[in-house]
Amino acid sequence: MCFMSFFFLFFFSMIMYVFMMYFIMENMILFLEWEIISFNSMSIVMSILLDWMSLLFMMFVLMISSSVIFYSKSYMNSELNLNRFIFLVLLFLFSMILLIISPNMISIFLGWDGLGLVSYCLVIYYQNIKSFNAGMLTALSNRVGDVMILMVISWMMNYGGWNYIFYLELMNNDFSMKIIGGLVIIAAMTKSAQIPFSSWLPAAMAAPTPVSALVHSSTLVTAGVYLLIRFNLLLLDMMFLKILLVFSSLTMLMAGISANYEFDLKKIIALSTLSQLGLMMSILSLGLPDLAFFHLLTHAMFKALLFMCAGVIIHMMNDMQDIRNMGGLVYYVPLTSLCFNISNLALCGMPFLAGFYSKDLILDMVSMSNLNIMIFMMYYISTGLTVFYTIRLLFYLMINDFNLMVVFNLYDEDYIMLKSMFMLLFMSLIVGSSLSWMIFKYPYMIFLTFHLKMMVIYVSFMGFFLGFILSKMEIYSINKFLMTYNLSNFLCLMWFMPNLSTYGLNYYFLNLGQNITKNIDLGWSELYSGYGMYYITKKYSIFYNFFQYNNYKIYLFSFILWMLLIYMMLI
């Protein structure tokens, strides 16, 4: 099942690549419509939009999914229901492809809701309390976006159809389209985990690692970014975009700070995904959708590779994820360490790797934009924090001493996992330069002063230096900075975001229900009704039982008592 799924997905990704090259060269768009039902001048139509963007994105999704399924053959080999897992991943993939090729809000909603439903099934796959809580947080957060899409569908009934590409030009003088744009932005913020909906993404680490590699690279979390790229003409010059810029910049900054206080390997990578999503959404809100799409594709490759390497390391450590117990992995798993380091450096924006081409161009465009100093500083501080937690992770895992006292068995690298990782490693090396030639039909002219152009290098070196210093600190050091690691209890929960978004809303009602249960159901009403009657009946039955068993003794005792009374009266 795994090999067959891998073969078909990889084959279709190559077909998508061929079609995409043809569509780019011919400057061609294919629009297919199938009218399902028509009533009262309104028609429900199944539409498919094939252009270079949807075909390129589908190629990346299919290629990463094929690698993840091939990787799962070894990673999940002890799983009894492996075919069920593969079917869930394929269903997840089908929902994402439906969302990619749909210009129609009805079919977009089918793919959107399918992603939310299947992601819940995959997050709770291991079936424990932590997984159930994470799955419920994920599902409820994404339901907000589903409601927004439903409201967009109802608002678009004013136009007699749901094909949004026909109405994008109505934006400037139509109030209804402004409302639709605001609802679409809120829906995209829930799916791409922007503040205040960001607490579900670190919690979704309860899913199996292959699912994390798929979800955090090219499918679930990028659905909101892709929707805003498609709706970009609708959103230009809107007040909502300025609000989105503030929230996405805060997400980028807070996720970077939180990743530096975290010790869970998968959660650090999840928070780095959150930081990169903030970068995509913020550059999108500046009106540069092609740059956001470029970074989305380059990020997908190295982030999937990063999660796969983390899965191999967790396997080797007997399912332990604390980076303080790791160290010297380069001696035990050298090929996995090679893949991990290259994907980590691509995340940093190391020159000529995948992340460099997109992040450097993004930061240059931010430096040229007419932004205030707060947003400008947020961009560069977040870039420095990315290098900071990446170098810290690299030193903890690869260079520091092996800290765990228990000696594990020698781990032989699995060649099935390595083959799937090497495919993504090759793509992480070449995808930045090849996409920059392919996507941009015109060169970006960048006019910056020397120091402003070198600002990226300055903050990267600063982050490298701080990450090196932090990784060399002893765990029991008296250093004051290390005492701030107590903050990680709430920083890993994204700065009280669960309390504000989920627990805060539920706490009053759950506490009220507990008090009512304790004081009424288990309190005086229980004492004077069910339990009280049972208690009184039980006491009386014990007394009557005693009377029946000791009947003759009581008669004898009462006779003697009466005789004594009569004797005393006669005297």
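Worth saying up front: this structure is predicted, and the values here are computed from it rather than measured.

A. Seen up close, the overall build of the protein chain. Tallying secondary structure elements over the protein chain gives 25 helices and two strands in all. Of the contacts formed within the protein chain by residues at least 6 apart in sequence, a portion of 80% connects residues at least 24 apart. Summed over all atoms, the accessible surface of the protein chain reaches about 27500 Å², with 71% contributed by carbon and sulfur.

B. Region of the structure containing the packing of aromatic side chains. For the structure on display, the rule yields 13 aromatic pairs. For the ring pair Phe-7 and Phe-11, a centre distance of 6.3 Å and an interplane angle of 10 degrees mean the geometry is stacked. You can see Phe-7 and its partner Phe-11 sitting in helix H1 (residues 2-26), four residues apart, about one turn around the helix. Both rings, one in Phe-352 and one in Phe-356, keep their centres 5.8 Å apart while their planes meet at 55 degrees; by these two values the pair is tilted. Grouped by ring-pair contacts, the aromatic residues Phe-7, Phe-8, Phe-11 and Phe-12 constitute a single cluster.

C. Broad picture of the pattern of salt bridges. Summed over all chains, the structure comprises five salt bridges. Put simply, Asp-360 and Lys-453 hold a salt bridge, and the shortest N to O gap is 3.5 Å. Of this pair, Asp-360 sits in helix H16 (residues 354-368) while Lys-453 sits in helix H19 (residues 450-453), placing them 93 residues apart in sequence. Of the residues examined, Asp-360 reaches a relative accessible area of 18% and is grouped as buried. For Lys-453, a relative accessible area of 33% corresponds to the partly exposed category.

D. Local environment of the side chain of Ser-54. Among the secondary structure elements, Ser-54 is positioned in helix H2 (residues 52-75). Reaching out from Ser-54, the side chain makes a polar contact with the backbone oxygen of Leu-49 at a distance of 3.3 Å. For Ser-54, the side chain forms a polar contact with the side chain of Asp-51, separated by 3.0 Å. Setting aside anything within four residues of it in sequence, one finds Ser-54 in contact with Leu-49, Ile-100, Tyr-226 and Arg-230.

E. Inspection of the packing of helix H15 (residues 334-348) against helix H18 (residues 415-439) at higher detail. The geometry of H15 relative to H18 is characterised by a closest axis approach of 10 Å and an angle of 30 degrees between their N-to-C directions. One element, H15, and the other, H18, form an angle in the roughly parallel class. The way H15 lies across H18 gives a crossing that is left-handed. Packed against H15, whose contacting residues are Leu-335, Thr-336, Cys-339 and Ile-342, the element H18 presents Leu-418, Met-421, Phe-422, Leu-425 and Leu-429 at the interface.

F. A look at helix H12 (residues 265-285). Between its first and last C-alpha atoms H12 spans 31 Å; for 21 residues at 1.5 Å apiece the expected length is 30 Å, and the two agree. Where burial is concerned, most of H12 is hidden: 21 out of the 21 residues are buried. Taking the backbone nitrogen of Lys-266 as reference, a side-chain oxygen 3.1 Å away marks Asp-264 as the first, capping residue of H12. Within two residues after H12, Gly-287 carries a phi angle of roughly 85 degrees, on the positive side.

G. Geometry of the nonpolar core. If you look at the biggest cluster of nonpolar residues, it comprises 169 residues, and the most contacted ones within it are Met-105, Leu-265, Leu-291 and Leu-397. With 20 residues, the single largest contributor to this core is helix H13 (residues 289-316). In this view, Leu-291 contacts Ile-283, Leu-361, Ile-362, Met-365, Phe-440 and Tyr-444; residues no more than four positions away in its chain are not counted. Within the second largest apolar cluster, five residues are counted, among which are Leu-253, Met-378, Leu-385 and Leu-470.

H. Just the side chain of Ser-95, in detail. The residue Ser-95 is located in helix H3 (residues 82-100) in this model. Residues in contact with Ser-95, not counting those within four places in the same chain, are Gly-111, Gly-114 and Leu-115.

I. Quick look at H15. Counted at 1.5 Å a residue, the expected span for H15 with its 15 residues is 21 Å, and the 21 Å between its end C-alpha atoms agrees. Burial analysis of H15 places 11 of its 15 residues in the buried class, which makes it a mostly covered element. Looking at H15, one finds that the buried residues are Thr-336, Ser-337, Cys-339, Phe-340, Asn-341, Ile-342, Ser-343, Asn-344, Ala-346, Leu-347 and Cys-348. Close packing links the buried residues of H15 with H12, H13, helix H14 (329-332), H16, helix H17 (373-399) and H18. In the stretch just after H15, Gly-349 is the one whose phi turns positive, near 95 degrees.

J. Main features of the environment of Phe-6. Inspection of the secondary structure assignment puts Phe-6 in helix H1. Placed 58 residues apart in sequence, Phe-6 and Ile-64 show a C-alpha to C-alpha distance of 10.0 Å.

K. Summary view of a nonpolar patch on the surface. There is a patch of nonpolar side chains on the surface, built from Met-1, Phe-3, Met-4, Phe-7, Phe-8, Phe-11, Phe-12 and Phe-87 and spanning about 840 Å² of accessible area. Here the nonpolar patch takes six residues from H1, the largest share from any one element. Along the chain, the position of Phe-3 falls in helix H1.

L. Spatial organisation of the environment of Ile-97. Mapped onto the elements of the fold, Ile-97 is located in helix H3. Linking Ile-97 and Ile-108, residues 11 residues apart in sequence, is a C-alpha distance of 9.9 Å. Ignoring sequence-local partners within four residues, the contact set of Ile-97 consists of Met-58 and Leu-62.

M. Structural detail: the pairing of strand S1 (residues 30-39). Note: S1 against strand S2 (residues 42-50), nine bridges, orientation antiparallel. The partner of Ser-38 across the bridge, within S2, is Ser-43. Count of turn residues in the S1/S2 antiparallel hairpin: two residues, of which Asn-40 carries a positive phi of about 50 degrees.

N. Here's a closer look at unusual backbone geometry. Positive phi values are uncommon outside glycine, yet Gln-127 reaches one of about 55 degrees. Unlike most non-glycine residues, Phe-352 shows phi in positive territory, near 75 degrees. With respect to the helices and strands, the residue Phe-352 is situated in the loop between H15 and H16.

O. Spotlight on the confidence of the model for the protein chain. For the protein chain, the average pLDDT comes to 79, and 85% of its residues sit at 70 or higher. The model gives residues 476-482 a pLDDT under 50, and that stretch makes seven contacts with residues more than four places away or in other chains.

Cut-off values and rules
Residues numbered from 1 in each chain as written. Predicted model: local features only at pLDDT ≥ 70, side-chain atom pairs only at ≥ 80, totals over all residues. Heavy atoms only, no water. Helix = DSSP H or I, 4+ residues; strand = E, 2+ residues; numbered from the N terminus. Contact = heavy atoms within 4.5 Å. Areas by Shrake-Rupley, 256 points an atom, 1.4 Å probe, with all protein chains shown as cover. Phe/Tyr/Trp six-rings, centres within 6.5 Å; stacked < 30°, edge-to-face > 60°. Salt bridge = Lys/Arg side-chain N within 4 Å of Asp/Glu carboxyl O. Buried < 20%, exposed > 50% of the residue type's maximum accessible area, 1.4 Å probe, protein only. Polar contact = N/O pair within 3.5 Å; in protein donor to acceptor, adjacent residues only side chain to side chain. Axes fitted to C-alpha atoms, helices over the stretch in contact; angles between N-to-C directions. Parallel < 35°, antiparallel > 145°, perpendicular 65-115°, else oblique. Left-handed = near helix turned anticlockwise from the far one by under 90°. Expected span 1.5 Å × (residues − 1). Core = buried A, V, L, I, M, F, W, Y, C linked by side-chain atoms within 4.5 Å. Patch = residues over 30% accessible without salt bridge, like charges linked within 9 Å, V, L, I, M, F, W, Y side chains within 5 Å. Pairing = 2+ DSSP bridges. pLDDT = per-residue confidence, 0-100.

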